[in-house]
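# Close look at the chain arrangement
In case you want the letters, here they are:
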Amino acid sequence: MTTNNSKSDHASLPIHTLHPVILPDQPPIPKLHHKLETVIENQGLHLLRNKNTYYFDKRLEKIHQPNDIDMNALSPFVTSSRDVNLNKLAIQHGCTYKCSTSSISPVLVPIFMMLTKFKSTNSRNLFSFDLLKSNYSPSVTKPNIFMLRRDPIQKQIFSIDSQHVNFIAPNNHILMELGKSLEKLLVMDYSNFEHEFLKINQKHHRARIVTPDTYRFLNVGKFIMRSQLDCVHHAVDGQEVVFDIKTRATHKIRTSMFQPNLWKRYTGSKPSDILGANNSYEREFYDMVRGAFLKYGVQARIGAMGGIFVAYHNTKEMLAFEHIKLSEIDEYTFGSSHMANHHFGMATSILEKMLDLITTNHPDWKTYHVLMGAKWNDSVRVFVNHKVNDLGWSEMKRSDSHQLPSFLEIVSDPSAAFAKYEELNLNTAVVYEISAKVIVNGNERRQFVYYDENDVIDLQYKIEHVGDTSNATLLGEYKSLLK
């Protein structure tokens, strides 16, 4: 079993830089419809209506439910292990690891936590939240599980795929399906959307052609990353603004998704105020800062996007819209875009070394089941299993959720949930620990400090093999992380 360096020493590590990769002959990036370009041109919150006055197409207000939508007509998600173009680019650019924004962003979070010393967000900059907690929400800092799959032909190339296993809210699939259809609605004429995607209109379709998505790609070290481009806006001054569309259910909906049918009580609820600590759009923004901005920032950075377009809803009605620039997301998470870019480069550098070590130490494995969790002693614990009988990635549907332990099972009976999880053909896990030091102008950073382009940064890291889960203590830690 090899490690990158001696047990006591940290080794210096070059920090990755970002290199956009062009894939020609892609479909054009969609544009906003329903006069929503106003949201991009004028920053701030835009209500769909105020009392009886509608500021956008009033037909947007009533949301078509997932059962009304032909979900098969929407372009399916293509995982990195099945993306032909991504594989071609990996070969062309000599990359070892390929991934999508959705699969790589949660993998980087534990490393971010380690590098920033569990720095809190800057949510206290919000007027109504200057005295409330500003740490990241548990949904962000929880351990992450992913699959590292060896390509069956190009065996030196691996795919990072997300794993739908634990922390499954029974009703989250409803929000996912709503998100898919609403994202499509916002970039289409309303009548065309209904004609193309409502089940009631299926009889009009003889042969359906699913429009492929448009992507941007990024080369970072040995990684080739893919980001879907939801929308583009061409400003009056000629500037092109590309952004990600995020559909965001209100606070009461999101926080009740973990209990069956409780969320339905709040489908008619709406934020009553713009500002305020409760039941306001400022509260929705605060929740995004603590629970989503870290992920949004990674996704926008990979796609070289200017920011995100948020559509607020309560599953029954569309409520409001907001365009948030990437620079603002960076301010709330890392303090500046320079800090955000630098930490992205550092995190990918460390992750690359970790994956290199795993694949070198276990060269005969085809699929690696990896769990990563940040620890309060400024390290990341990594558990690696050999996943046998791997059937490949599949998109989780509501009908599949009974096969896996739910959030409720994990809370009410962790041991039973873990036993159910173990049935997924996992073997004894090998355990590693990652630690890192950030040296700023020759001084080790013991706490998080800001720096800029004029400062000299030295990233040092260490990866140790600490045993496996045949050890009772490590097995207990593994079970604890899975909870």
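All chains use their own residue numbering, which begins from 1 and follows the written sequence. For a predicted model such as this one, the threshold for reporting local features is a pLDDT of at least 70, and the threshold for listing and counting side-chain atom pairs is 80 or more; totals across whole chains, interfaces and linings nevertheless cover every residue. Water and hydrogen atoms were dropped before computing side-chain values, which therefore reflect all heavy atoms in the structure.

### So, the overall build of the protein chain
Under the DSSP-based scheme used, a helix requires at least four consecutive residues in state H or I and a strand at least two consecutive residues in state E, with every element numbered from the N terminus. When its secondary structure is counted, the protein chain shows 14 helices and 19 strands. The buried share among the 483 residues of the protein chain stands at 54%. Working rule for contacts: check all heavy atoms of both residues, and any pair within 4.5 Å makes them a contact. Contacts spanning at least 24 positions in sequence make up 75% of the contacts within the protein chain whose residues lie at least 6 apart. Note on areas: these come from Shrake-Rupley sampling with a 1.4 Å probe, and a residue is covered only by the protein chains present in the view. Taken as a whole, the protein chain presents about 22000 Å² of accessible surface, with 49% of it coming from carbon and sulfur. For the exposure calls, accessible area comes from a 1.4 Å probe over protein chains only, and a residue counts as buried if that area is under 20% of its type's maximum, exposed if over 50%, partly exposed in between.

### Looking at the side chain of Thr-79
For Thr-79, the position within the fold is in the loop between strand E5 (53-54) and helix H2 (84-92). Judged by relative accessible area, Thr-79 falls into the buried class, the value being 3%. Here a polar contact is recorded for every N or O atom pair within 3.5 Å, except that within protein the pair must consist of a potential hydrogen donor and a potential acceptor, and residues adjacent in sequence are included only if both atoms are side-chain atoms. In this structure the side chain of Thr-79 is engaged in a polar contact, spanning 2.7 Å, whose partner is the side chain of Asp-161.

### Section: the packing of aromatic side chains
Centres within 6.5 Å are what make two rings of Phe, Tyr or Trp a pair, Trp counting through its six-membered ring; a difference in plane orientation under 30 degrees is then read as stacked, over 60 as edge-to-face, and the rest as tilted. Overall, the coordinates contain 19 aromatic pairs when judged by the stated rule. Taking 5.1 Å as the distance between ring centres and 90° as the angle between the ring planes, the aromatic pair formed by Phe-448 and Tyr-450 counts as edge-to-face. Relative accessible area serves as the criterion here: at 17%, Phe-448 is assigned to the buried category. A relative accessible area of 46% places Tyr-450 in the partly exposed class. Here the aromatic cluster, defined as three or more aromatic residues joined through ring pairs, consists of Tyr-97, Phe-158, Phe-223, Trp-365 and Tyr-368. Definition used: whenever NZ (Lys) or CZ (Arg) falls within 6 Å of the ring centre and also within 35 degrees of the ring normal, the charge is taken to sit over that ring. Above the ring of Phe-448, the side-chain terminus of Lys-119 is found at 5.5 Å from the ring centroid.

### Focus on the state of the cysteines
Two cysteine sulfur atoms form a disulfide, by the criterion used here, when they sit within 2.5 Å. For the coordinates displayed, the defined rule picks out 0 disulfides. Take Cys-95: it sits in no disulfide, and the sulfur closest to it among the cysteines is that of Cys-99, at 9.6 Å.

### Details of the nonpolar core
By nonpolar core is meant a set of buried Ala, Val, Leu, Ile, Met, Phe, Trp, Tyr and Cys residues that side-chain atoms within 4.5 Å join together. Among the nonpolar cores identified, the biggest contains 57 residues, and Leu-115 and Met-372 are the most heavily contacted of them. Residue contributions to this core peak at 11 residues, all from helix H11 (residues 337-361). Beyond its immediate stretch of four places on either side in the chain, Leu-115 contacts His-343, Met-346, Ala-347, Ile-350, Ala-436, Val-438, Arg-445 and Leu-459. Counting residues in each nonpolar core, the second largest holds 35 residues, with Val-39, Leu-175, Phe-197 and Met-318 among its members.

### Here we look at the pattern of salt bridges
For this analysis, a salt bridge means a side-chain nitrogen from Lys or Arg found within 4 Å of a carboxyl oxygen belonging to Asp or Glu. Counted under the stated rule, the structure contains 20 salt bridges. With a closest N to O distance of 3.5 Å, Glu-240 and Arg-216 form a salt bridge. Of this pair, Glu-240 sits in strand E12 (residues 240-249) while Arg-216 sits in strand E9 (residues 215-220), and the two are 24 residues apart along the sequence. A residue is classified by how much of its surface remains accessible, and Glu-240, at 43% relative accessible area, is partly exposed. Linked through salt bridges whose partners overlap, the residues forming this network are Arg-254, Arg-283, Glu-284 and Asp-287.

### Digging into unusual backbone geometry
Positive phi values are uncommon outside glycine, yet Lys-117 reaches one of about 60°. If you trace the backbone, Lys-117 turns up in the loop between helix H3 (101-115) and helix H4 (138-141). On the accessibility criterion, Lys-117 (22% relative accessible area) is partly exposed. Phi is positive for Ala-304, close to 50°, though the residue is something other than glycine. By secondary structure assignment, the location of Ala-304 is in the loop between helix H9 (293-302) and strand E13 (307-313).

### Quick look at the environment of Arg-445
Along the chain, Arg-445 falls in the loop between strand E18 (443-444) and strand E19 (457-468). Separated by 328 residues in sequence, Arg-445 and Lys-117 have C-alpha atoms that sit 9.4 Å apart. Arg-445 has contacts with Leu-115, Thr-116, Lys-117, Met-339, His-343, Val-438, Val-440 and Tyr-451, leaving out every residue within four places of it along the chain. Reaching out from Arg-445, the side chain makes a polar contact with the backbone oxygen of Leu-115 at a distance of 2.3 Å.

### Points about the environment of Phe-118
Following the sequence through the fold, Phe-118 ends up in the loop between H3 and H4. On the basis of relative accessible area, Phe-118 is assigned to the buried category, the value being 15%. Each C-alpha atom, one on Phe-118 and one on Thr-141, is 9.2 Å from the other, the two residues being 23 residues apart in sequence.

### Some thoughts on the confidence of the model for the protein chain
Scored between 0 and 100, pLDDT is the confidence that the predictor attaches to each residue. Averaged over all residues, the pLDDT of the protein chain is 88; the fraction at 70 or higher stands at 87%. Across residues 395-415, where pLDDT falls below 50, the model places 45 contacts with residues more than four positions away in sequence or in other chains.

### Brief notes about the sheet that holds strand E14 (residues 318-325)
Strands sit in the order E3-E14-E13-E12-E11 across an open sheet of 5 strands; the sheet is mixed. If you trace the sheet from one side to the other, it starts and ends with strand E3 (44-47) and strand E11 (231-234), each paired once. Taken over all neighbouring pairs, the strand axes of this sheet differ in orientation by 30° on average, direction set aside. Strand pairing is assigned whenever DSSP identifies at least 2 bridges connecting the two strands. Direction of pairing for E12 relative to E13: parallel, over a ladder of 7 bridges. Opposite Phe-243, over in E13, you have Gly-307 as the bridge partner. With respect to the sheet, helix H5 (residues 172-185) is in contact with E12, E13 and E14, its orientation differing from that of E12 by roughly 145°. For helices, the axis comes from a line fit to the C-alpha atoms of the stretch in contact; other axes are also lines fit to C-alpha atoms, and the angle between any two N-to-C directions lies between 0 and 180 degrees. Across the sheet, helix H8 (residues 281-291) is in contact with E3, E12, E13 and E14; its angle to E14 comes to roughly 50°.

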